[in-house]
Amino acid sequence: MRKFKYYLLRAFLALAGLMAGSTHAQYGNLGFTQLPQVDGGKTTLFYPTLAAESPVRRGSFEFSWAAEAPPSFGNGRLIVISHGSGGSPWVHMDLSRVLVGRGFTVAFPQHQGDNGVDASSPGPESWTKRPLEVSRAIDAVASYPPLFNLVSTDRVGIFGGSAGGHTALSLAGGAWSPARFKAHCEKHLREDFSSCVGSTTLLRNDGFDGIKLWLARRIIAWRFSDETPRRHTDPRIRAAVAMVPFAADFDPESLVEPKIPLGLILASKDLSQVPKFHAEAVAKLCEPRCEILMRLPEAGHGAMLSPLPPLAPGSVAHVLLSDPPGFNRAAVIPAVHQGIADFFAHHLLPEQ
């Protein structure tokens, strides 16, 4: 009876949205809370609410939301967003608002050792943990009392960019290993330097490049020799979107036929994860069994972030994340967010 009432209310609200003439029904304002994680971090949660929003500040960002407000009825589905290396929820706020406006609840697990507060263990060490952290975030939402009867966790979506895209590919059935990471970097270190060493330094075509390459090879060979495949899937996750993912360490056979609907977003001018080794390589493997949601010919790696964080001119982050000349962020990024929402609505909402 409870489940029947749940779906009856969903149908009523969807009909009300259509009667109001809206093809993308708006479900109120942006609610905000944070749930504790077993590792001491926090899972950030955004959800529809009828409460009024208030201005808030997080670091250099200014937003508005209704903190600890009572949730209102949305579309009943959950999207988990896996942030990039050293990331946070704040650089995905624009996407979160679009998803909540379409009725989704959005959860951000704080990835241990690879977030904006603690960046002690990025790369393969974090990638091993991330899919399990996504599953734990789903568990946390399922046991959060204010969302009882408002959100079902049997059909969940996962979105991620960069390292978060690696998480999304893992949860779509991909298998990878540290040894594959090592093999890629040994073969393509100069061409794909930032993918292999992270955002600490760049090759600058000067006398120090040889030292950087020698040191990177030594560290990679020392740390990443384990050939054990890493796999983790969750039957509750039914659709995935990977944007500019790190993907060179996956067993190609594991991505030929994704286990769930998989959407890809590619940025042709990505300097951080060179497309031919990562997103384009995945697309060639899985098309037409996966869907290329968008190819962004003028976009760089930072297209996955909105709003962009402050980028100090000349810094590694500025080189890797700033928009290339000619990229019209104001025109392109809203369409990207709506495309992501459309993909999840199509695959997770039975009435779509």
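These numbers come from a predicted model, not from an experiment. (Residues numbered from 1 in each chain as written. Predicted model: local features only at pLDDT ≥ 70, side-chain atom pairs only at ≥ 80, totals over all residues. Heavy atoms only, no water.)

Student: Help me out: how do you make sense of the pattern of salt bridges in this one?
Tutor: A side chain of one charge can pair with a side chain of the opposite charge if their charged atoms are brought near each other. By the definition in use, this model includes 15 salt bridges. Salt-bridge contacts for R130 lead to D114; the nearest nitrogen and oxygen are separated by 2.9 Å. Of this pair, R130 sits in helix α3 (residues 124-142) while D114 sits in the loop between β6 (105-108) and α3; the two residues are 16 residues apart in sequence, bridging distant segments of the chain. For D114, a relative accessible area of 1% puts it in the buried group. The shortest N-O distance in the salt bridge between R180 and D251 comes to 3.8 Å. With a gap of 71 residues between them, R180 in helix α5 (residues 178-188) and D251 in the loop between β8 (237-243) and α8 (252-256) connect regions that are remote in the sequence. Of the residues examined, R180 reaches a relative accessible area of 36% and is grouped as partly exposed. (Salt bridge = Lys/Arg side-chain N within 4 Å of Asp/Glu carboxyl O. Helix = DSSP H or I, 4+ residues; strand = E, 2+ residues; numbered from the N terminus. Buried < 20%, exposed > 50% of the residue type's maximum accessible area, 1.4 Å probe, protein only.)

Student: What exactly am I supposed to notice about the packing of aromatic side chains here?
Tutor: The relation between two aromatic rings is expressed through the spacing of the ring centres and the mutual angle of the planes. Enumeration according to the criterion identifies 15 aromatic pairs in this entry. Aromatic pair W127 and W176: ring centres 5.9 Å apart, planes at 75 degrees, arrangement edge-to-face. Of this pair, W127 sits in helix α3 while W176 sits in the loop between α4 (163-171) and α5; the two residues are 49 residues apart in sequence, bridging distant segments of the chain. When the centroid spacing of 4.7 Å and the interplanar angle of 40 degrees are considered together, the rings of W127 and F246 count as tilted. Of this pair, W127 sits in helix α3 while F246 sits in the loop between β8 and α8, and the two are 119 residues apart along the sequence. The exposure class of W127 is buried, given its relative accessible area of 6%. What links up through ring pairs into an aromatic cluster is the set F32, F46, F61, F63, W65, W90 and F108. Just above the ring of W176 sits the side chain of R230; from NZ or CZ to the centre is 5.9 Å. (Phe/Tyr/Trp six-rings, centres within 6.5 Å; stacked < 30°, edge-to-face > 60°. Lys NZ or Arg CZ within 6 Å of the ring centre and 35° of its normal.)

Student: In this structure, what is going on with the pairing of strand β3 (residues 54-58)? I would like to understand it.
Tutor: Each regular strand carries side chains that alternate between the two faces of the sheet. In this structure, β3 lies alongside strand β4 (residues 61-67), joined through 5 bridges in antiparallel fashion. Bridge pairing links V56 to F63 in β4. (Pairing = 2+ DSSP bridges.)

Student: What is the right way to read the state of the cysteines from this model?
Tutor: Each disulfide consists of a covalent bond between the sulfur atoms of two cysteine residues. The full count for this structure, using the stated rule, is 2 disulfides. Residue pairing for C185: its cysteine sulfur links by disulfide to C196, the two sulfurs lying 2.1 Å apart. On the sign convention where negative is left-handed, the bridge of C185 and C196, at about -100 degrees about the S-S bond, is left-handed. Linking C185 in helix α5 with C196 in helix α6 (residues 193-197), this pair joins segments that are 11 residues apart in sequence. By relative accessible area, which is 1% here, C185 ends up buried. Residue C196 is classed as buried on the basis of its relative accessible area, which comes to 8%. For C286, the disulfide goes to C290, at an S-S distance of 1.9 Å. Between C286 and C290, the disulfide has an S-S torsion of 75 degrees and is therefore right-handed. (Disulfide = S-S within 2.5 Å.)

Student: Is there a simple way to think about the side chain of S88 in this case?
Tutor: When you line up the elements, S88 lands in the loop between β5 (78-82) and α2 (93-101). Exposure remark for S88: the relative accessible area of 18% places this residue in the buried category. Polar side-chain contacts of S88 include one of 3.2 Å to the backbone nitrogen of W90. (Polar contact = N/O pair within 3.5 Å; in protein donor to acceptor, adjacent residues only side chain to side chain.)

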